[in-house]
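# A closer look at the structure
Each chain, letter by letter, is given below.
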Amino acid sequence: MNPEQIFIGGVTAALCAAGIVKRTWILTETTKGQRLVRRWGESRAAMFTLIVCLTGLLFGLALAIGLLNPIRW
């Protein structure tokens, strides 16, 4: 397996895990988070952020362990 693929997958998973932990900070302190709260309400914005971060976490882990492989030309 390619070391770059492991690195990119690991970093993606780590950043998404940090996003899950800091979900309330994202919604209160960032412009896009505040926009989500204004548009959808606090609970739906929090759920959306959680789903996006979980999807990224799963994608990063799948990339790091080799379940997903990038297209090679």
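Report on the accompanying structure. Here, residues in each chain are numbered from 1, in the same order as that chain's written sequence. Confidence filtering applies because this is a predicted model: local features only for residues at pLDDT of at least 70, side-chain atom pairs given and counted only at 80 or more, and all residues used for totals across whole chains, interfaces and linings. Side-chain calculation: all heavy atoms of the structure are included, whereas hydrogens and water are not.

### Some details on the side chain of glutamine 5
Note on placement: glutamine 5 falls in helix H1 (residues 3-21). Look at glutamine 5 and you get buried, because its relative accessible area is 4%. Polar contact criterion, stated in full: a pair of N or O atoms within 3.5 Å, where within protein one must be able to donate a hydrogen and the other to accept it, and residues adjacent in sequence count only if both atoms are side-chain atoms. Within the structure, the side chain of glutamine 5 is placed 3.0 Å from the backbone oxygen of leucine 63, a separation counted as a polar contact. Among the polar contacts made by the side chain of glutamine 5, one reaches the side chain of asparagine 69 at a distance of 3.1 Å. Dropping the residues within four chain positions of it, glutamine 5 is found in contact with Leu63, Ala64, Gly66, Leu68, Asn69, Pro70 and Arg72. Each helix corresponds to a stretch of at least 4 residues labelled H or I by DSSP, and each strand to a stretch of at least 2 residues labelled E; elements are numbered beginning at the N terminus. Three exposure classes are used, based on accessible area relative to the maximum for each residue type with a 1.4 Å probe and protein chains only: buried under 20%, partly exposed in between, and exposed over 50%. Residues count as neighbours in contact if any of their non-hydrogen atoms are within 4.5 Å of one another.

### Observations regarding the packing of aromatic side chains
What counts as a ring pair is set by centres within 6.5 Å for rings of Phe, Tyr and Trp (its six-membered ring), and what kind of pair is set by the plane angle: stacked under 30 degrees, edge-to-face over 60, tilted for all other angles. For the structure shown, the criterion picks out 1 aromatic pair. Measuring from ring centre to ring centre gives 5.0 Å for tryptophan 40 and phenylalanine 48, while their planes differ by 85°; the resulting arrangement is edge-to-face. Classification of phenylalanine 48 as partly exposed rests on a relative accessible area of 36%.

### Thoughts on a nonpolar patch on the surface
Surface patches are drawn from residues lacking salt bridges whose relative accessible area is over 30%; two like charges belong together within 9 Å, two nonpolar side chains (Val, Leu, Ile, Met, Phe, Trp, Tyr) within 5 Å. With residues, only the protein chains shown are counted as cover, and all accessible areas are computed by Shrake-Rupley using a 1.4 Å probe. A carboxyl oxygen of Asp or Glu within 4 Å of a side-chain nitrogen of Lys or Arg is what we treat as a salt bridge. There is a patch of nonpolar side chains on the surface, built from Phe7, Ile8, Val11 and Leu15 and spanning about 410 Å² of accessible area. Within the element layout of this structure, isoleucine 8 appears in helix H1. Isoleucine 8 sits in the partly exposed class, given a relative accessible area of 47%.

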